Amino acid sequence: AVPRTRILATGGASHNKKILQVLSDVFNAPVYTIDTANSACLGSAYRAIHGLVAETNVSLADVVKLAPEPRLAVTPAAGAEEV
C-alpha cells in the first residue's frame, strides 16, 4: 500500500498556523514542520551526504532518517476534501 501524503513545511511560513491549515485543507494531508536553521539547504545537504556514501549502496531514505523528526502541525479540517 502507498503511504498517505504528508507535507513537510519549512522556513518562515511554517510558523504561520493559518497558512499551514490552508495547505493541509487544499491537499487533504497532514502538515509537519521541523525546527532547523537554514532549512532551504536541508534537501541539498542530504543529497550531498547520499552522494558521498553512494559506493556503499545506502539509500537516500536511509540518509534522510538522520533528519530531525518532523512535528505534526495541522491536519485537514473536517469536510475539507469536499470543497
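Residues numbered from 1 in each chain as written. Predicted model: local features only at pLDDT ≥ 70, side-chain atom pairs only at ≥ 80, totals over all residues. Heavy atoms only, no water.

J.: Can you break down the nonpolar core residue by residue, with the values?
T.: Counting residues in each nonpolar core, the largest one holds 7 residues, listed as Ile 7, Ala 9, Leu 20, Ala 29, Val 31, Ala 73 and Val 74. Put simply, the parts of the chain that give this core at least two residues each are strand S1 (7-9) and strand S3 (71-74). If we skip the residues at most four places from it in the chain, Ala 9 touches Ser 14, Leu 20, Val 31, Tyr 32, Thr 33 and Ile 34. (Core = buried A, V, L, I, M, F, W, Y, C linked by side-chain atoms within 4.5 Å. Buried < 20%, exposed > 50% of the residue type's maximum accessible area, 1.4 Å probe, protein only. Helix = DSSP H or I, 4+ residues; strand = E, 2+ residues; numbered from the N terminus. Contact = heavy atoms within 4.5 Å.)

J.: Any details on the sheet that holds strand S2 (residues 31-33)? Residues and values, ideally.
T.: Pairing is mixed across the open sheet formed by 3 strands, whose spatial order is S1-S2-S3. Each end of this open sheet is capped by a strand with a single partner; those strands are S1 and S3. When strand polarity is set aside, the average angle formed by the axes of neighbouring strands in this sheet is 45°. On the sheet, helix H1 (residues 17-27) packs against S1, S2 and S3 and is oriented at approximately 85° with respect to S3. (Pairing = 2+ DSSP bridges. Axes fitted to C-alpha atoms, helices over the stretch in contact; angles between N-to-C directions.)

J.: With reference to specific residues and values, describe the pattern of salt bridges.
T.: Applying the stated criterion to the full structure yields 1 salt bridge. The shortest N-O distance in the salt bridge between Lys 65 and Asp 62 comes to 3.3 Å. (Salt bridge = Lys/Arg side-chain N within 4 Å of Asp/Glu carboxyl O.)

J.: Summarise the side chain of Ser 14; cite the residues concerned and give the values.
T.: Take Ser 14: it is sitting in the loop between S1 and H1. A polar side-chain atom of Ser 14 sits 2.5 Å from the main-chain carbonyl oxygen of Gly 11. The residues touching Ser 14, leaving out its near neighbours within four places in the chain, are Ala 9, Leu 20 and Thr 33. (Polar contact = N/O pair within 3.5 Å; in protein donor to acceptor, adjacent residues only side chain to side chain.)

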